Amino acid sequence: METVEVRTSPHVHGAPSVATIMRNVVYALLPICIFATYQFGLSAVALIIVTTLACIFTESFFNRISGTSDSLGDFSAVITGVLLALTLPPGFPLWMAAVAGFIAIALGKKLFGGLGFNVFNPALVGRAFVQAAFPVAITTWTPSLTAARFTEFIPSTLTFPFAVPAAVDQWNAQVAVDAFSGATPLALSKFENIPTDTFLLLFGTTAGSAGETSALLILLCGLYLIFRNMLDWRIPAAVLLGAFLTEEAFHLFDSARFPDPWFMLFSGGLMLGAMFMASDMVGSPVTPVGVWIFGLLIGFLTIIIRLFGGLNEGIMYAILLGNAASPLIDAATQPRVYGVTEAKIFGKKVD
Amino acid sequence: MLLTFTNGVHPQEFKSWTNNSPVERLPFFADYVIPLSQHIGAPSKSLVRKGQYVARGEKIAEPGAYVSVAYHSPVDGVVSAVELAEHPGGKMVPSIKIKADPFSSQRLEKKPIDWKSLTKKEFADHLQNSGMVGLGGAAFPSHVKFAVPDDKKCDYLIINGCECEPFLTADHRVMAEYPLEVMRGIEMLQYFLTPKKTFIGIEANKKDAINILQLEANKHPELAVEIVSLEVKYPQGAEKMLISAILTNEVPSGTIPLDGGYLVSNVGTVAAIAEYFDSGKPLIERVVTVSGSNIKRPANLLVPIGTSMQELLNACGGFKSSDFGDSARILLGGPMMGMAQKSLDVPVVKGTSGVLALGVLEVPGRNTFQCIRCGRCLEACPMFLNPSTLGLLAKKGLYEEMLEENLMDCMECASCSYVCPSGIPLVQSFRVAKAVNRERKVA
């Protein structure tokens, strides 16, 4: 008799809990981590471990000093850590990765009040910080599938804190199986107008950030989450559609100068960003129309930055800008209430 | 393509436990408790004193106001007390307690009423005096519902056979076993309301009921009843959702369906109305589904109003686990909108469509997290509200600001709480907000 609960309805629940969703996102990221390890060896493993631990420790440190309850159980810090590692170059110095992890959680999340209150995707806040702080290290790429990748680190990985990372150009030349220029497909396309085969982009045997190389694998991992009803398919779909349409317009305009839209879709961090970062629920709009606008905007901005910005990759800033715009998008796209003829836009009633 | 409304949720149905079990008549027990406010509206006034002998079907309480109904004794027996007793809603309310006469055969004489000779007014009076209320759960007095004012017109009569709450199969069985009564009830309502069109809306998971009613409808082409198969989705049975599904029209905010010419009635009520006019039997019993993972023998029972829940559960073999401590929750009604009970010492009332004993698996404990702005609630809300924003306002106690976010359009279907991955008690806080706003308005 004592254990009968008296609560108000509903008495059943249908959605997976936040912790379950987040845990499954971690599962979905594991194959990508494994592939990164296969490609880049010890350095990738170390990078993933360091950023994840940095995020966990930062989360738990801030929980302690702010006296809030333990929030590690929601797995969101782990996701931030893993995602952060996957967006960094495989040879990124570990101490810089730790700084990125700390900034991601501290500035990106905890300062705003923790999970649910952060405006920006924490992993990208961390990455944006190190992009500004260590511009050389974050654009230093190393070849994949080197012979000794499971026995030795990429030289820059073990840089002593505050020391200048070892130059890897020479090392690159030594270990590269074929003539490796040290450039990612996007850089090749942008600065040297050299296209990369779409097949290579899908399977990911190119240079790039630790976890962004295989578009196909990322797509499959994302589909797992979509299938489990743990990821809103509309956001990745809108991002990819936005990028495709924008690039297609430019490509039609001048196909010699602007690459094929399929190349844009499968290269760089677009797939990883669309699947796992733009779709971060906290930073995206809540309204059904809003998520489409948000996704299309990110896709559009990514291409614009890639084509006309100083950098060859634009997904990170595109998502951060999208995050910043999402409250505005929400305010403009509030649903029309059933039985009410006028919708409210920016809090005002319009016909 | 099945018709339906926009948004909503798909809870697991659990209907197969009882949807093929024919309705069984529950035997008579010793004690009955008839609360005098089982309906929406003013409490009724007792007409009996302690010690008085009452016959089955005899009027024991009269309406206390216009929005109020009569009550009748469910058994031949003696009034043992007229006093406060616990109501399933949690309050103590004036109730009539009756001890059944153990030597009575509990027979009820058939006294058909010549309904075709009645005026609209007399028809409504009959409904009020038969104690008729909506049997779908809300228990709104039927005579008020079917009293169409002169400036309004019932163009569309919609009979609600959706039964979208999980577990419940009472309406399903009524449709499958009493198709004649359903059609008779429609005939009567058509006679007094003269609608242009009559629909019966049924969720597609009740194929047998749809077929049986279709056969019955074919026998009465003059009634021109259209049976509409609807997608299985919660809350399909909500008035506004049913209207949207069948007629693709919305009911404007702040108006009632009748303003737009729609009248929606639960199918069980329609059958009960037919039974009253054809046999003279007032509303003294109803079909109740007893189900849930902790019930030994789930069943659909024809239960006299006032039967204690304990007796009902005993009739179904009791709880699976020896002590009912293993039941996580005992509910009156469905799991989405039903009321949790703290004791089994409450009676079945007119609005009781089901009694459920749910196990821990069905009602798992939930951790709550902050809102992660996933937007699932916006896509669940059939009223297109923004439960996420409403929830944040409720958390801060900004109840009046919630009115601007259309709080009063919320019909408390609980779809938002059902889908919330953060386990935020959204609909629960909206109920609190509504109550607080109501009180502030009064004060």
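Keep in mind the model is a prediction, meaning the values are calculated, not measured.

The helix and strand inventory of chain B stands at 13 helices and 17 strands. Taking 443 residues into account, the globule formula puts the C-alpha radius of gyration at 22 Å, and chain B, at 22 Å, falls close to it. Projected onto its principal axes, the C-alpha positions of chain B cover 65 × 55 × 50 Å. Of all 443 residues assigned to chain B, the portion counted as buried reaches 60%. Considering only contacts within chain B whose residues lie at least 6 apart along the sequence, 74% involve residues at least 24 apart. Of the accessible surface of chain B, which amounts to about 17700 Å², a share of 55% is contributed by carbon and sulfur atoms. Seen as two clouds, the 46 positive and the 47 negative side-chain charges of chain B have centres 2 Å apart.

Residues Leu-29, Phe-92 and Phe-276 of chain A are the most contacted members of the largest nonpolar core, which totals 85 residues. Ranked by residues supplied to this core, first place goes to helix α1 (residues 18-40) of chain A with twelve residues. Leaving out residues up to four positions away in the same chain, Phe-92 of chain A has contacts with Leu-47, Ala-97, Val-130, Phe-134, Ala-137, Ile-138 and Thr-157 of chain A. In this structure, Ile-60, Met-132, Ala-170 and Ile-227 of chain B belong to the second largest nonpolar core, which totals 81 residues.

Bringing helix α5 (residues 207-219) of chain B into the picture now. Residues and elements named next belong to chain B. For α5, built from 13 residues, the straight-helix expectation of 18 Å at 1.5 Å per residue is met to within 8% by its first-to-last C-alpha distance of 19 Å. For α5, the complete set of buried residues consists of Ala-209, Ile-210, Leu-213, Glu-216 and Ala-217. Down the axis of α5, the smallest arc covering the buried residues is 130°, so these residues share one side. Residues of α5 that are exposed and angled more than 90 degrees away from the buried face: Lys-207, Leu-215, Asn-218 and Lys-219.

Our next topic: the interface of chain A and chain B. One widely used convention gives an interface's size as the accessible area the parts lose upon coming together. On the chain B side, the residues contacting the 43 residues of chain A number 59 residues. With both sides pooled, the region where chain A packs onto chain B buries about 4300 Å², and carbon together with sulfur makes up 56% of that total. Scanning the region where chain A abuts chain B turns up three salt bridges. For Glu-379 of chain B, the salt bridge goes to Arg-234 of chain A, with nearest N and O atoms at 2.6 Å. Where chain A meets chain B, there are 22 residue pairs in polar contact (both at pLDDT 80 or more).

Moving on: the packing of helix α3 (residues 76-87) of chain A against helix α5 (residues 122-133) of chain A. Residues and elements named next belong to chain A. Closest axis-to-axis distance for the α3/α5 pair is 8 Å, and the angle between their directions is 40°. Here α3 is positioned oblique relative to α5, judged by the angle of their axes. Helix-helix and strand crossings are classified by hand; for α3 and α5 the assignment is right-handed. Facing Thr-80, Leu-83, Leu-84 and Thr-87 of α3, the residues of α5 in contact are Pro-122, Ala-123, Gly-126 and Arg-127. Of the residues in the contact of α3 with α5, the class split is four nonpolar, three polar and one charged.

Residue and element names in this part refer to chain B. Across the sheet, four strands lie side by side as β11-β10-β9-β12; this open sheet has parallel pairing. Single-partner strands in this sheet number two, and they are β11 (225-230) and β12 (262-266). Ignoring which end each strand starts from, the neighbouring axes of this sheet average 25° apart. Bridging between strand β9 (residues 156-161) and β12 involves five bridges; their strand directions are parallel. Counterpart to Leu-157 in the pairing with β12 is Leu-263. Sheet strands touched by α5: β10 (197-203) and β11. Its angle to β11, the strand with the most contacts, is close to 165°.

Turning to empty space enclosed by the protein, a few remarks are in order. All names here are of chain B. If you walk through the whole model with that rule in mind, you get five cavities of 30 Å³ or more. In this model, the largest cavity occupies a volume close to 110 Å³. Lining the largest cavity are 14 residues, with Cys-381, Pro-382, Cys-410, Cys-413 and Cys-416 positioned closest to its centre. For the lining of the largest cavity, the secondary structure elements donating two or more residues are α12 (415-419) and α13 (426-442). When grouped by side-chain class, the residues that make up the lining of the largest cavity number twelve nonpolar, one polar and one charged.

Residue and element names in this part refer to chain B. Along its sequence, chain B is organised into domain 1 (115-279) and domain 2 (376-442). Just the C-alpha atoms count here: the centres of domain 1 and domain 2 sit 29 Å apart. Contacts between the two partners involve eight residues from domain 1, matched on the other side by seven residues from domain 2. Buried area between domain 1 and domain 2, summed over both chains or domains, comes out near 530 Å², and the portion from carbon and sulfur atoms is 61%. If you look at where domain 1 meets domain 2, you find zero salt bridges. When its residues are assigned to classes, the side of domain 1 that touches domain 2 shows four nonpolar, two polar and two charged.

Parameters and conventions
- Residues numbered from 1 in each chain as written.
- Chains lettered and ligands numbered in written order.
- Predicted model: local features only at pLDDT ≥ 70, side-chain atom pairs only at ≥ 80, totals over all residues.
- Heavy atoms only, no water.
- Helix = DSSP H or I, 4+ residues; strand = E, 2+ residues; numbered from the N terminus.
- Rg over C-alpha atoms; globule rule 2.2 N^0.38 Å.
- Buried < 20%, exposed > 50% of the residue type's maximum accessible area, 1.4 Å probe, protein only.
- Contact = heavy atoms within 4.5 Å.
- Areas by Shrake-Rupley, 256 points an atom, 1.4 Å probe, with all protein chains shown as cover.
- Lys, Arg positive; Asp, Glu negative; His and termini not counted.
- Charge placed at Lys NZ, Arg CZ, Asp CG, Glu CD.
- Core = buried A, V, L, I, M, F, W, Y, C linked by side-chain atoms within 4.5 Å.
- Expected span 1.5 Å × (residues − 1).
- Arc of directions from axis to C-beta.
- Buried area = accessible area lost by both parts, 1.4 Å probe.
- Salt bridge = Lys/Arg side-chain N within 4 Å of Asp/Glu carboxyl O.
- Polar contact = N/O pair within 3.5 Å; in protein donor to acceptor, adjacent residues only side chain to side chain.
- Axes fitted to C-alpha atoms, helices over the stretch in contact; angles between N-to-C directions.
- Parallel < 35°, antiparallel > 145°, perpendicular 65-115°, else oblique.
- Left-handed = near helix turned anticlockwise from the far one by under 90°.
- Nonpolar A, V, L, I, M, F, W, Y, C, P; charged D, E, K, R; others polar.
- Pairing = 2+ DSSP bridges.
- 1 Å grid on protein atoms, 1.4 Å probe; cavity = no way out; pocket = protein on both sides within 12 Å on 5 of 7 lines; lining within 4 Å.
- Points joined across faces, edges and corners; volume = space filled by probe spheres on them.
- Domains from an automatic or database assignment.

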